[in-house]
Amino acid sequence: MKKYLYYLSFLILIYSCEDVIDVNTPTTEPKLVVDANFNVYNTETPIRVDAWLKLSLTTDYFDTTEKVINNAQVSITNLTDGTVYPFASNGNEGFYQSQNDDFVPKFNDIYQLNILYNNEVYSAETKLIPSVPIDKVTQGDGLLFGENDTEIIIEFTDNADRNDFYLFDLDFGEFLTTEDEFYQGKTFVFSYFYDDLKSGQEITVKINGLEEQFYNYMNLILEQSGERGGGPFESPPATIRGNIVNKTNNNNFALGYFSMSEAHTYTFSIN
């Protein structure tokens, strides 16, 4: 399934000769990759938290085998009140889950992620970033490329009291970032186009609040993942530093990001 957002992609066909050329690609020492993006659904009762993270190692460019980490020690500390939340394997390769049912991040508190792996300590700090609800998702009748296009119109109202950065998860592995510089405190409406959607098919749109640093990081990740056709949380082809710090050996830095975002979802059915 293909999706489009106001831009065109051009396909270039390259015809090569029959000679086989061996290319020696450099190998590098694997680095820790941390996918620790926590979603908090404050409007649900009870409040729901995606309280898990994933650890893996980088691989060489042409290596398609994922190298997950199952032997790390992981915890999150609320630096505001001193509460420590241990994380342990949830049964899935590379995934760690909070062992406390009362792990519900709160606004204004500071949280520290700590990872002990291979005798080195990795750490990062963040706060829960607020978001806004999605007001409405409707189906439009606009076309972008052809008759198989389906237009989805998304509407939300920005908070006038702060500078906001957002990440939209548009389902099917599609993501979009936006900031409120030109619509602060106003209702913002935009269209997104999908290809080959079926009648009755459901789409779930999610909006996350981001801090500005994470917003800039996601823009770079999305740009690179689009070039490779992968998802935004896969290892990027070039080194993009997040907010994870190796406290034991600064030269052996980690990739990835630790964030906490208030999230809202809206599920819509195609006519």
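Residues numbered from 1 in each chain as written. Predicted model: local features only at pLDDT ≥ 70, side-chain atom pairs only at ≥ 80, totals over all residues. Heavy atoms only, no water.

## Comments concerning the pattern of salt bridges
Note on pairing: side chains with opposite charge can pair once their charged atoms come close. Put simply, the rule is: A pairing counts as a salt bridge when a side-chain nitrogen of Lys or Arg comes within 4 Å of a carboxyl oxygen of Asp or Glu. Each residue's exposure class comes from its accessible area (1.4 Å probe, protein chains only) as a fraction of the maximum for that residue type: buried when under 20%, exposed when over 50%, partly exposed otherwise. Secondary structure elements follow DSSP: runs of H or I of four or more residues count as helices, runs of E of two or more count as strands, with numbering from the N terminus.
Under the defined criterion, the tally for this structure stands at five salt bridges. The shortest N-O distance in the salt bridge between Asp 50 and Arg 48 comes to 3.6 Å. The class for Asp 50 is buried, based on a relative accessible area of 18%. Relative accessible area serves as the criterion here: at 34%, Arg 48 is assigned to the partly exposed category. Where Lys 54 meets Glu 66, a salt bridge forms, and the shortest distance between an N and an O atom there is 2.5 Å. Taken as a pair, Lys 54 in strand S4 (residues 52-57) and Glu 66 in the loop between S4 and strand S5 (67-68) lie far apart in primary sequence, twelve residues in all.

## Observations regarding the nonpolar core
Put simply, the rule is: As used in this record, nonpolar core signifies buried Ala, Val, Leu, Ile, Met, Phe, Trp, Tyr and Cys residues forming a set joined through side-chain atoms within 4.5 Å. Contacts were defined at the residue level, with two residues in contact if any of their heavy atoms lie within 4.5 Å.
Counting 29 residues, the largest nonpolar core has Leu 55, Leu 113, Ile 115 and Phe 258 as its most contacted members. For this core, the elements supplying multiple residues, two or more each, are strand S2 (32-41), S4, strand S6 (73-78), strand S7 (84-89), strand S9 (110-117), strand S10 (120-129) and strand S18 (255-269). The element best represented in this core is S2, accounting for five residues. The residues contacting Phe 258, other than those within four sequence positions of it, are Ala 36, Phe 38, Ile 76, Tyr 111, Gln 112, Leu 113, Ala 124, Glu 125, Thr 126, Asn 243 and Ile 244. Membership of the second largest hydrophobic core comes to 20 residues, among which are Val 132, Tyr 183, Leu 197 and Val 205.

## Thoughts on the confidence of the model for the protein chain
Worth spelling out the cut-off: For every residue, the pLDDT score states the predictor's confidence, bounded by 0 at the bottom and 100 at the top.
Across the protein chain, the average pLDDT comes to 87, with 82% of residues at 70 or higher. Per-residue pLDDT stays below 50 along residues 4-15; that stretch engages in 14 contacts with residues further than four places along the chain or on separate chains.

## A closer look at the pairing of S6
The line we're drawing: When DSSP finds two or more bridges between a pair of strands, those strands are recorded as paired.
For S6, the buried fraction is high: five of the six residues fall into the buried class. Sheet analysis places S6 next to S9, joined by six bridges and oriented antiparallel. Within S9, the position partnered with Ser 75 by the bridge is Asn 114. In this structure, S6 lies alongside S7, joined through four bridges in antiparallel fashion. Considered in S7, the bridge of Val 74 is made with Phe 87.

## Comments concerning the side chain of Asn 246
As a reminder, the rule being used: As used in this structure description, the phrase polar contact means that two N or O atoms lie within 3.5 Å; if the pair is within protein, one of them must be able to donate a hydrogen and the other to accept it, and residues adjacent in sequence are counted only when both atoms belong to side chains.
If you trace the backbone, Asn 246 turns up in strand S17 (residues 245-246). Within the local environment of Asn 246, its side chain forms a polar contact with the backbone nitrogen of Asn 249, the two atoms lying 2.8 Å apart. Only 2.8 Å separates the side chain of Asn 246 from the backbone oxygen of Asn 252, close enough to count as a polar contact. Contact partners of Asn 246, with chain neighbours within four places excluded, come to Glu 120, Val 121, Tyr 122, Asn 252 and Phe 253.

## Some details on the environment of Gly 256
Mapped onto the secondary structure, Gly 256 falls in strand S18. Residues within four places of Gly 256 in sequence aside, it is in contact with Val 34, Tyr 217, Gly 242, Asn 243 and Ile 244.

## Digging into unusual backbone geometry
Cis geometry is found at the peptide bond from Thr 45 to Pro 46, where omega equals -5°. Position of Pro 46 among the secondary structure elements: in the loop between S2 and strand S3 (48-49). In this structure, Asn 119 takes a positive phi of about 65° despite not being glycine. One can find Asn 119 in the loop between S9 and S10. Given the relative accessible area of 72%, Asn 119 is considered exposed. Phi angles above zero are rare outside glycine, and Asp 171 is one such case at about 75°. Structurally, Asp 171 can be placed in the loop between strand S13 (165-169) and strand S14 (175-179).

## Some words on the environment of Gln 99
With respect to the element layout, Gln 99 can be found in the loop between strand S8 (95-98) and S9. Taking the relative accessible area as the measure of exposure, Gln 99 reaches 48% and is therefore partly exposed. When the C-alpha atoms of Gln 99 and Phe 87 are compared, they prove to be 5.6 Å apart, with twelve residues separating the residues in sequence. Residues within four places of Gln 99 in sequence aside, it is in contact with Pro 86, Phe 87 and Ala 88.

## Regarding the packing of aromatic side chains
To keep things clear, this is the line we draw: Stacked, edge-to-face and tilted are the three classes for Phe, Tyr and Trp ring pairs, Trp counted by its six-membered ring, which pair at centre distances within 6.5 Å; planes under 30 degrees apart are stacked, over 60 edge-to-face, the rest tilted. Put simply, a charge is over a ring when the Lys NZ or the Arg CZ is close to the ring centre, within 6 Å, and near the line of the ring normal, within 35 degrees.
Throughout the structure, instances matching the rule amount to 19 aromatic pairs. A ring pair is formed by Tyr 192 and Tyr 194, whose centres lie 5.1 Å apart and whose planes are at 65°; its orientation type is edge-to-face. No difference in accessibility class separates Tyr 192 from Tyr 194, as the two residues are buried. When the ring of Phe 214 is compared with that of Tyr 257, the centres are 4.4 Å apart and the planes differ by 25°; the resulting orientation is stacked. Remark: Tyr 257 occurs in strand S18 and Phe 214 occurs in helix H1 (residues 212-228); sequence separation between them is 43 residues. The residues Phe 214 and Tyr 257 share a single accessibility class, namely buried. Three or more aromatic residues link up through ring pairs in this structure, and these residues are Phe 156, Tyr 166, Phe 168, Tyr 183, Phe 188 and Phe 190. Positioned above the aromatic ring of Phe 253, the side-chain terminus of Lys 31 is 4.2 Å from the ring centre. The residue whose ring lies beneath Arg 48 is Tyr 41, and the NZ or CZ to ring-centre distance is 3.8 Å.

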